[in-house]
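# Structure at a glance
Read off the chains here:
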Amino acid sequence: MKVKREFVLREIAGDLLLVPTGKTALDLNGMLTLNEVGAEIWKMLPEVKDEEEIVQRLLKDYEATAEEIRPDVASFLDRLRELNII
Amino acid sequence: MEPRLSKYLHMKGSQLGLPIAGTFELTPRCNFNCKMCYVHLTEKEQKLCGRELTTEQWLSIGREAKETGTVFLLLTGGEPTLRPDFPELLHQFKNMGMMVTVNSNGMLPGEGLLQQIINDPPVRINISLYGTSNETYEKQCGIPAYDRVIRNIRALRDAGIEVKVNMSVTPDNKDDIRSVYETAKELNVHTQSTPYMFPPVRLHPEMCGKNFRMDPEDAGKLQAEYDAFRCSEEEFLRRVRALQNLTSPDAGNEDCGDAIGEGIHCRAGSTSFWITWDGKMTPCGQMAEPAVNVLETGFAEAWRQTRANAAAIRLPPECNSCDIKNICHACAAMCYCETGSFSGRPDYVCRMKRSYIDAMMQYWQTKYGGEV
């Protein structure tokens, strides 16, 4: 999946933050906080082709069913689309 | 108002001892020559006093700061854009994952710098706007720079970059306080103005308690006049009521984050640090001490020592029982710069604040004539 904006993922005092860099600092004047799964998804975004691949990858690491994971992944990706990040 | 995430990170950083926010004072050199400045040196003076850090030294300190937990970074000077490597430093610090803000006088020397900043912008640029005419600039800064500064502010705004206008008010530009406010409003940029000028003790220890500034009573009155023209009737009344209740009408200084206590009560040395142009870490840029040489100790150790040094600072005991302690916001740096000691009461600040409170009450009576 194509990430359209530039961010640096950082961990500060146990919190995971996406810090805008490059011209992203103009359009998105602030940082985004992620939970652990959000950060996992973020890291795999450039390598995956679609939503289902993210679900399948997460299934390997988390004790949950695809039906349980799918809505959370969709909602996370929707938020990124709203912010024009992907 | 400070974003919630920033407040949260500072709160967590304070518990864990992390340097969440820092300032890199890239140079003491400046293309302006303001009488009240606490840091400005000419190139000749700077070379006699010490050596500015190299690009690689700043980048190395930046990397260490990032590894130790720094998220918010302010680049300041002197005039930081005078360094030829300024765009490179800004770019690299951003790429490290820090939210970078820049302090500038807005001249942005040379032809390409403005465009370079627009192409690779900081989160915000704080620009000192000293007046609204070349004549005021000539008087205040020794250079008729208004036209260029205002053109640059417009260009930055047009490019979508967040600009904040700060006005340092002195006897030379006090008559422009209203027009600066109006100009900032027209440009749709946030503005902050203060007549409080820290004595430049870092440059001249003998200037302790002194600066080129208004007398404290006039400074307080001017601050009230500023509130009177910028606030709606409702907001003005809210401020008057807060003052009557001996509480602060402001949320606190967003750059420092104040609270009241007998130890140091801002973020200096708790979650924030300052590194001077010659590589010394202090809790705050107004303090010449306690200072730790970052190049000798490394960043993490300098931060550890700075925290310990700041925690040992005790403020004037009489301020703790003062009736206006919640309004005053007198900080450790004010005590130090006004009296030479962290535990000395900064009388200039007391007089300025009391004058401000009186003038606010008087404005309320004469302007609105109502009960509070």
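Look a little higher up for the structure.
For clarity, every value in this text was computed on a predicted model and none was experimentally measured.

Broken down by element type, chain A carries 4 helices and 3 strands. Scanning chain A from its N terminus toward the C terminus, one meets helices and strands in the order β-β-α-β-α-α-α. Relative to its length of 86 residues, chain A is compact, with a C-alpha radius of gyration of 13 Å against a globular reference of 12 Å. By its C-alpha atoms, chain A is 40 × 30 × 20 Å across when sized along the principal axes. Buried residues in chain A amount to 17% of all 86 residues. Contacts in chain A between residues far apart in sequence, at least 24 positions, make up 30% of those at least 6 positions apart.

On the chain B side, the residues contacting the 13 residues of chain A number 21 residues. Mapped onto the side of chain A that touches chain B, the elements with two or more residues apiece are β1 (7-12) and α1 (24-27) of chain A. Here the side of chain A that touches chain B gets 3 residues from one element, more than from any other, and that element is β1(A). A class-by-class count of the residues in the side of chain A that touches chain B yields 7 nonpolar, 5 polar and 1 charged.

For soluble globular proteins, the rule of thumb is that nonpolar side chains tend to be buried together. Residues and elements named next belong to chain B. Formed by 112 residues in total, the largest nonpolar core has its most connected members in V100, M281, A332 and A333. Here this core gets 8 residues from one element, more than from any other, and that element is helix α16 (residues 347-368). With sequence-adjacent residues up to four places away left out, M281 is seen in contact with F273, W274, I275, A291, V292, V294, A302, W303 and T306.

Let's shift gears to the packing of helix α3 (residues 55-68) of chain B against helix α4 (residues 86-95) of chain B. All names here are of chain B. Put simply, α3 and α4 touch, their axes get as near as 10 Å, and they point 20° apart. In terms of orientation, α3 lies roughly parallel with respect to α4. Note on packing geometry: the crossing formed by α3 with α4 is right-handed. Mapping the contact onto sequence places T55, W58, L59 and G62 in α3 and E88, L89, Q92 and F93 in α4.

Next up on the list: the pairing of strand β6 (residues 190-194) of chain B. Residue and element names in this part refer to chain B. Bridge count for strand β5 (residues 163-168) against β6 is 5 bridges, and the pairing is parallel. In the strand pairing of β6, V165 is matched with T191. Where the polypeptide runs from β5 across helix α8 (residues 177-186) and back to β6, its parallel neighbour, the crossover connection is right-handed.

What follows deals with the sheet that holds strand β2 (residues 15-20) of chain A. All names here are of chain A. The 3 strands are arranged β1-β2-β3 in an open sheet whose pairing can be described as antiparallel. Bordering the open sheet on either side are β1 and β3 (32-34), each of which pairs with just one other strand. Between one strand and the next, the sheet's axes are offset by a mean angle of 30°, whatever the strand orientation. In terms of strand pairing, β2 meets β3 through 3 bridges, oriented antiparallel. Its bridge partner being in β3, L17 is matched across the sheet by T33.

All names here are of chain B. Pairing in this open sheet of 9 strands is mixed, and the strands run β6-β5-β4-β3-β2-β1-β7-β8-β9 from one edge to the other. Looking at strand neighbours, the two that pair on one side only are β6 and β9 (292-293), the edges of this open sheet. Two elements, strand β4 (residues 124-128) and β5, share 4 bridges in a ladder whose sense is parallel. Following the sheet pairing, N126 is matched in β5 by K164. Strands β5 and β6 of the sheet are contacted by α8, whose axis makes an angle of about 165° with β6.

Rules of the game
Residues numbered from 1 in each chain as written. Chains lettered and ligands numbered in written order. Predicted model: local features only at pLDDT ≥ 70, side-chain atom pairs only at ≥ 80, totals over all residues. Helix = DSSP H or I, 4+ residues; strand = E, 2+ residues; numbered from the N terminus. Rg over C-alpha atoms; globule rule 2.2 N^0.38 Å. Buried ≥ 20, exposed ≤ 12 C-beta atoms within 10 Å, placed from the backbone. Contact = placed C-beta atoms within 7 Å. Nonpolar A, V, L, I, M, F, W, Y, C, P; charged D, E, K, R; others polar. Core = buried A, V, L, I, M, F, W, Y, C linked by C-beta atoms within 7 Å. Axes fitted to C-alpha atoms, helices over the stretch in contact; angles between N-to-C directions. Parallel < 35°, antiparallel > 145°, perpendicular 65-115°, else oblique. Left-handed = near helix turned anticlockwise from the far one by under 90°. Pairing = 2+ DSSP bridges. Right-handed = clockwise from strand over helix to strand, strands pointing away.

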